[in-house]
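Residue-level structural notes
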Amino acid sequence: MNPKILIIDDERAICASLRFALEDIYDTSTSSDPEEGLRLIEEHPFDIVLLDLRLGLHNGLDVLRQIKQKCPAITVIMMTAYASIESSIEAIKQGAYYYIEKPINTTELRLLLAKALEHNRLSSEVRTLQEKLNVQTDRHRFIGKSKAMEHVFSMIERVKDIDSNVLITGESGTGKEVVARAIHSTGKRKHGPLEIVNCAAIPEALLESELFGYEKGAFTGATQKKPGKWAAANGGTLFLDEISEMPLALQAKILRVIQEREVTPLGSNQKIPLDVRIVSATNKQLEQLVAEGTFREDLYFRLNVIPISLPPLRERQEDLLLLLDYFLQKYAREMNKKVKKLSAAARRLLLAYDYPGNVRQLGNIIEYAMALSSSDIIAEEDLPEYIQYDSQGTALPASSNTQETVDSIPVGVPMKEIEKRAIAAALDHCGWHRQETARMLQISERSLRDKIKLYNIKSVQEE
Ligand SMILES: Nc1ncnc2c1ncn2[C@@H]1O[C@H](COP(=O)(O)OP(=O)(O)OP(=O)(O)O)[C@@H](O)[C@H]1O
Ligand SMILES: [Mg+2]
């Protein structure tokens, strides 16, 4: 197929002579009216437009702007009389590929066209490679080779370019959000927005206005107009996370928006037409909530057109090995440390653990071990204690045999702080006898020593 060229010039004679000069190698169309030219561009995929800078009443620069608005990728070459070099430079600033002076030398024109086509070919090649690379790097950060994960990858591949709603299910930390992002960022809506609403994190009273937006004065406190997430996601994807937490009253309103494909902000009477793909996620059994009457069945069917389910980590041992390596490298990089190896015992413990918090928990464990370990090897003592005991089958004592307690801990105190206080109290109790303290806390002496250093715990005398 020959490349397609459109010539726009108000002088018909020029159109005719250029067509004559080019039509043996190009599929050439002409138009002496810029408006007709613009229409042709919309209807046919031209590779190059040859555009006159002075088009009778029209200014070629205006036409150039309109062409670039309609088809940013199209290559435009301006044809200009000698006197208007400055406008030609202006044209290049506005996105023209180059200009050629009139009277036109056919050999020169053919050379320029060949160059422009080569330029087109290279840019589209760069674009394709870039896209491939994006998919690969996304894939790179999304680890898994188990059958179950291969199935998830192939589902993402198959649904990314269609508009059907997707419901992602899986235990906490299995990667539901990663899937939602992958669908958006590799699919045909990737240039559109991805809006995320976590239905569990937003107070019930605010969820409706967050989703629907409101007009100024719609309710007390609405001092300013605010666009909602529905409208913000227009042209893209709306990710409704923890969808099971959506209150029943709001479920009815969501259903209406999905059915009517338009949304009315609170306090407004203007309907906004919507083109939004909905991806939702939950770690609950929605069917059960439907049976119990807390989730609308009709909404469930609307959201669950394409189900994708993520298996828990404990059911995919192959992925566990890959993820271990992945996190070891990731945290080494982030903490600017050398990539560490796992001791055989630490590896055994990590492989035997059953990860109720799934991939997120595994990541946290490796981050913790990487931060604490001071050698090139992560030993079992570097792992959180609960893993060491869990796998040894030693239950944590329900209460220790001393009557002393660590001072009461307010809700929300970080784990590190709780651990620090617990260790300090045990050390005090044992008169800073490290061996005894370690035995009492059921951790190794080395681990105790590291933690004393990490948390900068000092005995009363030292303070
Ligand atoms: N297959 C995977 N490869 C690499 N990282 C992953 C993978 N799955 C999950 N993760 C990481 O684990 C963490 C938890 O993932 P994500 O937030 O997607 O889980 P979730 O299922 O949405 O959890 P929750 O139900 O608690 O919201 C994230 O940091 C994510 O990057
Ligand atoms: Mg999540």
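Residues numbered from 1 in each chain as written. Chains lettered and ligands numbered in written order. Predicted model: local features only at pLDDT ≥ 70, side-chain atom pairs only at ≥ 80, totals over all residues. Heavy atoms only, no water.

**Focus on the sheet that holds strand S16 (residues 306–310)**
Counted only if it meets this: In this description, strands pair whenever DSSP reports at least two bridges between them. Every helix listed is a DSSP run of H or I at least four residues long, and every strand listed is a run of E at least two residues long, numbered separately from the N terminus. Helix axes use the C-alpha atoms of the stretch in contact, all axes being lines fitted to C-alpha atoms, and the angles between their N-to-C directions lie in the range 0 to 180 degrees.
Strand order across the open sheet formed by 5 strands is S9-S12-S15-S8-S16, with parallel pairing between neighbours. Because the sheet does not close on itself, it has two edges, and the strands there are strand S9 (194–198) and S16. Looking at each pair of strands side by side, their axes are set apart by 20 degrees on average, direction ignored. Bridge count for strand S8 (residues 166–170) against strand S15 (residues 277–282) is 4 bridges, and the pairing is parallel. Looking across to S15, one finds that threonine 169 is bridged to threonine 282.

**So, the packing of aromatic side chains**
Any aromatic ring pair is given by two values, namely how distant the centres are and how the planes are angled relative to each other. Quick note on the threshold: Stacked, tilted and edge-to-face are the three classes applied to pairs of Phe, Tyr and Trp rings, where Trp contributes its six-membered ring and a pair requires centres within 6.5 Å; stacked means planes under 30 degrees apart, edge-to-face means over 60, and tilted covers the rest. For every residue, the accessible area (1.4 Å probe, protein chains only) is compared with the maximum for its type, and the residue is labelled buried under 20%, exposed over 50%, or partly exposed between those bounds. Criterion for a charge above a ring: Lys NZ or Arg CZ within 6 Å of the ring centre, and within 35 degrees of the ring normal.
The final tally for this structure, using the stated rule, is 8 aromatic pairs. Here the aromatic rings of phenylalanine 142 and phenylalanine 153 are separated by 5.1 Å at their centres, their planes lie at 85 degrees, and the arrangement is edge-to-face. Here phenylalanine 142, found in the loop between helix H5 (106–141) and helix H6 (147–159), pairs with phenylalanine 153, found in helix H6; they are 11 residues apart in sequence, far enough to count as distant. Both residues of the pair, phenylalanine 142 and phenylalanine 153, count as buried. Residues tyrosine 214 and phenylalanine 219 carry aromatic rings whose centres are separated by 4.8 Å and whose planes lie at 70 degrees to one another, so their mutual orientation is edge-to-face. Residue classification places tyrosine 214 among the buried residues on the basis of a relative accessible area of 14%. Under the relative-accessibility criterion, phenylalanine 219 is labelled partly exposed at 34%. One aromatic cluster in this structure is built from Tyr326, Phe327 and Tyr331. Between lysine 4 and the ring centre of phenylalanine 46, over which it is positioned, the NZ or CZ distance is 5.7 Å.

**Here's the deal with the site of ligand 1**
Heads up, the condition is: The near set for a molecule or strand comprises every residue that places at least one heavy atom within 4 Å of it. The term polar contact refers here to a pair of N or O atoms within 3.5 Å; inside protein, the definition further demands a hydrogen-donor-capable atom paired with an acceptor-capable atom, and it admits residues adjacent in sequence only when both atoms are side-chain atoms. Note on residue categories: nonpolar means Ala, Val, Leu, Ile, Met, Phe, Trp, Tyr, Cys or Pro, charged means Asp, Glu, Lys or Arg, and polar means any other residue, Gly included. Residue ranges for the domains trace back to a domain assignment, done automatically or taken from a database.
The environment of ligand 1 is made up of 16 residues, and the closest members are Ile143, Ser172, Gly173, Lys176 and Arg360. Taking serine 172, its side chain carries an N or O atom lying 2.8 Å from an oxygen atom of ligand 1. Between ligand 1 and glycine 175 there is a distance of 3.1 Å, counted from an oxygen atom to a backbone nitrogen or oxygen. Those elements that provide at least two residues to the shell around ligand 1 are helix H7 (176–186), helix H13 (317–334) and helix H15 (358–372). It is H7 that provides the largest number of residues to the shell around ligand 1, a total of 3 residues. Partitioning the shell around ligand 1 into residue classes produces 6 nonpolar, 5 polar and 5 charged. Split by domain, the shell around ligand 1 shows at least three residues from each of two domains, domain 2 (142–311) and domain 3 (313–396).

**Focus: the UniProt feature "modified residue: 4-aspartylphosphate" (unreviewed entry) in the protein chain**
Heads up, the condition is: UniProt positions are given in the numbering used here, feature names are shortened, and annotations may be inferred rather than shown by experiment. Contact definition: two residues touch when any of their heavy atoms are within 4.5 Å.
The residues that UniProt annotates with the feature "modified residue: 4-aspartylphosphate" (unreviewed entry) are Asp52. By the secondary structure assignment, aspartate 52 is in strand S3 (residues 48–52). With residues up to four places along the chain from it excluded, the contact list for aspartate 52 reads Ile8, Asp9, Asp10, Gly60, Met78, Met79 and Lys102.

**Some words on helix H8 (residues 204–212)**
Among the residues of H8, those classed as buried are Leu207, Ser209, Leu211 and Phe212. The secondary structure elements touched by the buried residues of H8 are S9, strand S10 (213–214), helix H9 (229–232), strand S12 (237–241), helix H10 (248–260) and strand S13 (262–263). One or two positions beyond H8, positive phi appears at glycine 213, with a value near 75 degrees.

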